[in-house]
Amino acid sequence: MTIRLLVVDDDPLVRAGLALMLGGAHDLDIVGEGSDGSEVPELVARLDPDVVLMDIRMERVDGLTATEELRRRPGAPEVLVLTTFHADEQVVRALGAGAAGFVLKDTPPAEIVAAVRRVAGGDPVLSPAVTRQLMAKVADQRHERGADPRRRAAIARIDTLAEREREVVVAVGRGQSNAEIAGALFLSVPTVKTHVSRVLAKLGLNNRVQIALLAHDAGLLDDTP
């Protein structure tokens, strides 16, 4: 399968570098480039990419706003955010908006290619350590606003799931990949993907990071080391 990739960054040198790095991968096809978030809706409608590699900081419409608007649309492509930060407020907002993960701009080329492949395959590009860091950051923010109502609401949503779906939610919250979940729960990888898709649909979520945040809110990860 060839992965159709759209690159959006306001720096032409960065775009050229990404095109050079990613263009050599046999299964990646860079179908277009954009220099601002304002161009994203038209480019996506015309080029139909599988993944958008999106810069955060752009002059007119930033990558956060573009991601939020894009992910609200049915059938939207996955968004992989480019950033120079590990877990700042903007990255948290991007993940909350439905981005599938993020890569640093100084990430080695092979790892960026691998990240694009993972996102296209339905896996987030977040290590368990980074996932925990982000969830802790969001949890601190929510605690300041009052955590109890949010926890009750999260538990009520989790309670709508079947037992196996709940187990998958906990595993996703721990940052496990589909293969790791399959091994732990004695399931096939396609079955795990099916459960994840059902959870997303039932709970009205965009991606696995949002599943992890909901699991955290519900207290399902309190015993996670």
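Procedures and definitions
Residues numbered from 1 in each chain as written. Predicted model: local features only at pLDDT ≥ 70, side-chain atom pairs only at ≥ 80, totals over all residues. Heavy atoms only, no water. Buried < 20%, exposed > 50% of the residue type's maximum accessible area, 1.4 Å probe, protein only. Helix = DSSP H or I, 4+ residues; strand = E, 2+ residues; numbered from the N terminus. Pairing = 2+ DSSP bridges. Core = buried A, V, L, I, M, F, W, Y, C linked by side-chain atoms within 4.5 Å. Contact = heavy atoms within 4.5 Å.

A. Quick peek at the pairing of strand β5 (residues 101–104). Across the two faces of β5 the burial is the same, with Gly101 and Val103 and Phe102 and Leu104 all buried. Relative to β5, strand β4 (residues 78–83) is paired through four bridges, and the arrangement is parallel. The partner of valine 81 across the bridge, within β5, is phenylalanine 102.

B. Here's a closer look at the nonpolar core. Counting 24 residues, the largest nonpolar core has Val52 and Met54 as the members making the most contacts within it. Elements supplying a minimum of two residues to this core: β1 (3–8), α2 (40–47), β3 (51–55), α3 (63–71), β4, α4 (89–97), β5 and α11 (208–217). The dominant element in this core, judged by the number of residues it contributes, is α2, at four residues. Every residue in contact with valine 52, bar those within four places of it in the chain, is listed here: Leu6, Val8, Val44, Leu70, Pro77, Glu78, Val79 and Leu80. Counting residues in hydrophobic clusters, the runner-up holds 23 residues, among them Leu161, Val172, Val199 and Leu221.

C. Representation of the side chain of asparagine 178 within the structure. The topology assignment puts asparagine 178 in helix α9 (residues 178–185). Classification of asparagine 178 by relative accessible area gives buried; the value is 4%. Filtering out sequence-adjacent residues up to four positions away, asparagine 178 remains in contact with Asp123, Val189, Val192, Lys193, Val196 and Arg208.

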